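One-letter residues, chain by chain:
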Amino acid sequence: MASQYPSSSSFFNTLNLCFCLLFLRLNVIGAASAQLTPRFYAKTCPSALSIIKSVVNSAVNSEARMGASLLRLHFHDCFVNGCDASILLDDTSNFKGEKTALPNANSLRGFEVVDAIKSQLEASCPGVVSCADILAVAARDSVVALRGPSWTVRLGRRDSTTANFDAAQIDIPAPTLNLSALIAAFSKKSLTVREMVALSGSHTIGQARCATFRTRIYNESDIDDSFKTSLQANCPRSGGDNILSPLDIQTPTTFDNAYYTNLVNKKGLLHSDQQLFSGGSTDAVVNIYRTKPTTFLADFANAMVKMGNLSPLTGTSGQIRTNCRKTN
């Protein structure tokens, strides 16, 4: 009769298999949690952060708007397949990048600043610092240059070898979205409603094209009359798509909480801006940020760290591009 109990060798083989599987799982979890670190380039390129900061400061000093442009590059990069510098890849005869997608075409800028940073880094530490990390650090340094908060940027991202035009068309939140669609777009990236409102505060700097707010200033009612009239003077009903207006009419080149005061006063430039204070679930957060600037700045910094950790390529995935505009 066969024994009802497993043999000792069978028991130990099973036990060894369990330990092996547990060890493998713990290794995978450990690798995932340690993917990015602030000191990633401490030994391989110790001058990396100072080089990036120097170029960014020079660019922002020459044109304050560039700070907003560099911040936006990082945002648009991370929202499409993660923070992998796919946004920087140029189109070629057999490759379609993300630059011509609707949210990016005729509006993204700052590529020359990234090129200048990369050129200096390649001269100092060839093949070491990724374009994805350049975008993450340049975004932080841009905010700081415009008197905003700082945060610790975790490093070690690698660069993609492809891009996703279709995802760029749909994943980057449009200026026409209503509140529920905004919440859904950020939730898709595992960002909370409060983080969405905080990150929207980046519109305290920068400018927007007439084409993105024309419908709001001619067709919407939840807008201050004098604000609407002043905008209509520069943005006609037809034509003039590229005429610019500041996203924050109070302090357009200072990173502060004035954006939220604008929303309460019905002076949000974009439809999506004003949706954050329109009788909905985000009104309370807007009021908190309006009255407590330090809370906004802290929440913004924390949300930037979280966004910067979206699906990074690490280890042997991707590559370190020598030219951010094309794969190696």
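Reading the values: the criteria
- Residues numbered from 1 in each chain as written.
- Predicted model: local features only at pLDDT ≥ 70, side-chain atom pairs only at ≥ 80, totals over all residues.
- Heavy atoms only, no water.
- Helix = DSSP H or I, 4+ residues; strand = E, 2+ residues; numbered from the N terminus.
- Buried < 20%, exposed > 50% of the residue type's maximum accessible area, 1.4 Å probe, protein only.
- Contact = heavy atoms within 4.5 Å.
- Core = buried A, V, L, I, M, F, W, Y, C linked by side-chain atoms within 4.5 Å.
- Axes fitted to C-alpha atoms, helices over the stretch in contact; angles between N-to-C directions.
- Parallel < 35°, antiparallel > 145°, perpendicular 65-115°, else oblique.
- Left-handed = near helix turned anticlockwise from the far one by under 90°.
- Nonpolar A, V, L, I, M, F, W, Y, C, P; charged D, E, K, R; others polar.
- Phe/Tyr/Trp six-rings, centres within 6.5 Å; stacked < 30°, edge-to-face > 60°.
- Disulfide = S-S within 2.5 Å.

Please clarify how the overall build of the protein chain should be interpreted in this entry.
Within the protein chain, the regular secondary structure consists of 14 helices and two strands. Looking at the protein chain residue by residue over its 328 residues, the buried ones come to 47%. Of the contacts formed within the protein chain by residues at least 6 apart in sequence, a portion of 75% connects residues at least 24 apart.

Explanation requested: the nonpolar core in the structure shown.
Soluble globular proteins: nonpolar side chains tend toward being buried together. Within the largest apolar cluster, 75 residues are counted, with the highest numbers of intra-cluster contacts made by Leu88, Ile117, Leu121, Leu276 and Phe300. Looking at this core element by element, the count peaks at nine residues for helix 5 (residues 131-145). Beyond its immediate stretch of four places on either side in the chain, Ile117 contacts Ile51, Ile52, Val55, Val56, Ile134 and Ala138. Judged by nonpolar contacts, the second largest core, of 12 residues, contains Ala208, Tyr218, Ile223 and Leu270.

Which parts of the structure should I look at to understand the packing of helix 2 (residues 48-62) against helix 5?
What describes two packed helices is the angle between their axes and the distance between those same axes. At their nearest, the axes of helix 2 and helix 5 sit 9 Å apart, and the two run at 50 degrees to each other. On the basis of their axis angle, the class for helix 2 and helix 5 is oblique. Helix 5 is crossed by helix 2, and the crossing has right-handed handedness. Across the interface between the two elements, Leu49, Ile52, Lys53, Val56, Asn57 and Val60 from helix 2 touch Ile134, Val137, Ala138, Asp141, Ser142 and Ala145 from helix 5. Of the residues in the contact of helix 2 with helix 5, the class split is eight nonpolar, two polar and two charged.

What is the right way to read the packing of aromatic side chains from this model?
If you walk through the whole model with that rule in mind, you get 12 aromatic pairs. Between Trp151 and Phe300 the ring centres are 5.9 Å apart and the planes differ by 75 degrees, which places this aromatic pair in the edge-to-face class. With Trp151 in the loop between helix 5 and helix 6 (165-171) and Phe300 in helix 14 (residues 293-308), the pair connects residues that are 149 residues apart, well separated along the chain. Given a relative accessible area of 9%, Trp151 falls into the buried group. Taking the relative accessible area as the measure of exposure, Phe300 reaches 0% and is therefore buried.

What is the right way to read the state of the cysteines from this model?
Note on terminology: disulfide describes a covalent bond linking the sulfur atoms of two cysteines. If you walk through the whole model with that rule in mind, you get four disulfides. Cys78 shares a disulfide with Cys83; S-S distance 2.0 Å. On the sign convention where negative means left-handed, the S-S torsion of about 120 degrees between Cys78 and Cys83 marks this disulfide as right-handed. There is no split in this pair, since Cys78 and Cys83 are both buried.

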